[in-house]
Every structure is written in C-alpha cells, then in structure tokens.
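# Analysis of the macromolecular model
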Amino acid sequence: MKITDKLADNKITISFEVFPPKTNDAYENVLAAAKEIAYLKPDFMSVTYGAGGGTSKNTVKIAKELKDTGVDTIAHLTCVSSTKKEVKAVLDEIKEAGIENILALRGDIPEGSRFPLKDGYMYAYELVEDIKNCGDFCIGAACYPEGHTESANKAEDILNLKQKVDSGVDFLTTQMFFDNNILYNFLYRIREKGITVPVFAGIMPVTNSAQIDRICKLSGTYLPSRFKAIVDRFGNNTAAMKQAGIAYATEQIIDLIANGVNGIHVYSMNKPEIAESIMKNLSEILK
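So, a few notes on the structure that sits alongside this text. (Residues numbered from 1 in each chain as written. Predicted model: local features only at pLDDT ≥ 70, side-chain atom pairs only at ≥ 80, totals over all residues. Heavy atoms only, no water.)

So, on to the sheet that holds strand E5 (residues 138–143). One closed barrel accounts for 8 strands, arranged E1-E2-E3-E4-E5-E6-E7-E8; its pairing is parallel. On average, adjacent strands in this sheet sit at an angle of 25° to one another, irrespective of strand direction. Two strands pair when backbone bridges link them, and E5 and strand E6 (residues 171–174) are joined in this way by 4 bridges, in the parallel orientation. Bridging across to E6, Ala 141 finds its partner in Leu 172. Sheet strands touched by helix H4 (residues 84–96): strand E3 (73–78) and strand E4 (101–105). Its angle to E3, the strand with the most contacts, is close to 175°. (Pairing = 2+ DSSP bridges. Helix = DSSP H or I, 4+ residues; strand = E, 2+ residues; numbered from the N terminus. Axes fitted to C-alpha atoms, helices over the stretch in contact; angles between N-to-C directions. Contact = heavy atoms within 4.5 Å.)

Written as structure tokens, this is what we have:
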C-alpha cells in the first residue's frame, strides 16, 4: 500500500525505521529485531540504504521480509555513491519485490570520494525524477527543519526543497529534532512557499549519551536546555538514560499530535524495546 493512501483519512500514523547490517553475518539478528518491531503493527516501516552515503544489498531484502509479515514498507535509495545504471538496477529490484514506496536521498558524501560520479547524481531531485520515470512508486524525500548543513541559509534550503518536491515527491520526512517549535516554524515557512505535501516528523529517542555526540557532529541539531539537563543528569546511567530518552521522545510525539502533526516517524535504531515502549506510551492516543 502506498504511504499517501494511508494518509487519506487524516488519522495518526506511526512508523519506525530500521537499518540493514554492516556485515552479512549480522543479517539474521537484524532481521529478527526488525520483525519484532513489525509485530507491533506500526503503520509502516522504512529500511535505510547505508551509512555515509553507502549502499546496501540487504535493504530491499529486509524491506520485502517485513512486507511479508503484513507491514507496509519503504525502501531507502541513496544515490551519492551510485551511477544511474546502478540505481536503475535497484529500482528494478524494488519493483520486483512488490515494494511501492521509496525514500529518495542524495546521501552524505563519503570522505575522500569522487563526487559526483560519472553518470551519477548531483542532487536528490535528479534521483526523484528518475524514480518517477521508472514506475508507479510513492516517493518520499528528506527535509531539514533546521536547514541542510550544505545550504547557505534556511531560505535557500527551502527553495531547494521546493525544487525537489516539484520533481515528484509525495511526502517528506524530517531529520530528527528535539524542540517541536523548530518543526512548527518550519512547517509554516514551507507552506508559505507552496510546499503542501504531507510531512512526517522524525523523532529520535536518545537512549545513551554517545548518540548525542554523533547527532551534533553530523547535523548540528539544536539541543534545548531541558534535553541537555536530562543528558547531564542521566547520561552515565544506561538504564535511566534509556527511560528518560523514551519519555522525552514520547512527550514530543504527544505534543506534535496535539498540535495537528499526525505523521510520526521514529528512528528506532533496530531496538524493538524502544519501539514497544513508545507504542505502549501512546496506546490510548492511537485508538
């Protein structure tokens, strides 16, 4: 089922993201964890394509396995490290697997790599155009409430986003954020510029302090003082930080839903216990 069809009745939609293993010997463990999340019956699940702009031969495989459990799936497709011929081969694989939804991403440029590749892609909108011409897919794309790190400013970033959406994007998923006001301001600005596609709010339950260093290094995400206080107080206590991180993410989600943001995408990091805790915390809200 296409993601856009799920949004037709304006109901609350909860999804979870998982990532494929870095090595083949970890495949069964990752698949087992992903299936545990699928058994929670989220509205859909997405499977990433590889860290640092890389690729994964297991993305489509895992997405199909999850689809076979009865959960709709999105296969990520990152183009920074692929030629157009290689992307076409992956699109054929996705189509053959019966997957209708793709999240189209340029991806982070791997350090020291040649970019763009000969017969490759410079921008994500080019990938969106190729996907659009290759089949009847529902196409998602990323957006950045705090602005993409490579954009000169937020105004330029929104213009780039408009071009991407106009190329054939059906919905957007945000990068993680920890202050909901950032998203509310972003939504106002993009709607003002004529970007009207549905937007899923990307929520990251931070369950250990090491995640914070990585998040800030990669994206420069703003951390509100209330969140910093939680990390300062519980960061050295693994169990406490996990509980506090899930509670903070749950509070974010409840506030978003209360303010009319019905699409919630949780970066669950292949951790079924995190997904389960959030679903339990929202059990009555989601009825």
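Here the focus is helix H5 (residues 124–134). Those residues of H5 that fall on the buried side of the exposure criterion are Ala 124, Leu 127, Val 128, Ile 131 and Cys 134. Angularly, the buried residues of H5 cover 130° about the axis, an arc narrow enough to put them on a single face. For H5, the secondary structure elements touched by its buried residues are E3, H4, E4, E5 and helix H6 (154–166). (Buried < 20%, exposed > 50% of the residue type's maximum accessible area, 1.4 Å probe, protein only. Arc of directions from axis to C-beta.)

This part takes up the state of the cysteines. Scanning the model with the defined rule gives 0 disulfides in all. Of all cysteine sulfurs, the one in Cys 134 lies closest to Cys 79, which takes part in no disulfide; the gap is 14 Å. Judged by its relative accessible area of 0%, Cys 79 is buried. In this structure Cys 138 is not part of a disulfide, and its nearest cysteine sulfur, from Cys 143, lies 15 Å away. (Disulfide = S-S within 2.5 Å.)

What follows covers the environment of Ala 247. One can find Ala 247 in helix H10 (residues 238–258). Taking relative accessible area as the criterion, Ala 247 reaches 42% and is therefore assigned partly exposed. Along the sequence, Ala 247 and Asp 170 sit 77 residues apart, while their C-alpha atoms lie 31 Å from each other.

This part is about the pattern of salt bridges. The final tally for this structure, using the stated rule, is 12 salt bridges. Of the charged contacts, one joins Lys 2 and Asp 136 as a salt bridge, the two residues approaching to 2.8 Å between their closest N and O atoms. Residue Lys 2 is located in the segment before helix H1 (3–6), and its partner Asp 136 is located in the loop between H5 and E5; the two are separated by 134 residues in the primary sequence. Glu 65 serves as the salt-bridge partner of Lys 35, at 3.6 Å between the closest nitrogen and oxygen. (Salt bridge = Lys/Arg side-chain N within 4 Å of Asp/Glu carboxyl O.)

Let us look at the pairing of E3. Among the 6 residues in E3, 6 count as buried, and that is most of the element. Here E3 shows two buried faces, one formed by Thr 73, Ala 75 and Leu 77 and the other by Ile 74, His 76 and Thr 78. With 3 bridges joining them, strand E2 (residues 44–47) and E3 adopt parallel strand pairing. Within E3, the position partnered with Val 47 by the bridge is Ala 75. Pairing geometry for E3 and E4, over 5 bridges, is parallel. Its bridge partner lying in E4, His 76 is registered against Leu 103. Taking the sense of rotation as the criterion, the β-α-β connection linking E3, H4 and E4 turns out right-handed. (Right-handed = clockwise from strand over helix to strand, strands pointing away.)

Next up on the list: the packing of aromatic side chains. Per the stated rule, a full pass over the model turns up 5 aromatic pairs. Aromatic pair Phe 227 and Tyr 248: ring centres 5.0 Å apart, planes at 65°, arrangement edge-to-face. Taken together, the residues Phe 227 in helix H9 (residues 225–234) and Tyr 248 in helix H10 connect sequence positions 21 residues apart. Under the relative-accessibility criterion, Phe 227 is labelled buried at 2%. Tyr 248 sits in the buried class, given a relative accessible area of 5%. By the ring-pair criterion, three or more aromatic residues cluster together here, those being Phe 44, Phe 171 and Phe 200. Across the ring face of Tyr 27, the terminal group of Lys 61 is positioned such that the distance to the ring centre comes to 4.4 Å. Geometry around Tyr 121 places Lys 84 over its ring, the cationic atom sitting 5.5 Å from the centre. (Phe/Tyr/Trp six-rings, centres within 6.5 Å; stacked < 30°, edge-to-face > 60°. Lys NZ or Arg CZ within 6 Å of the ring centre and 35° of its normal.)

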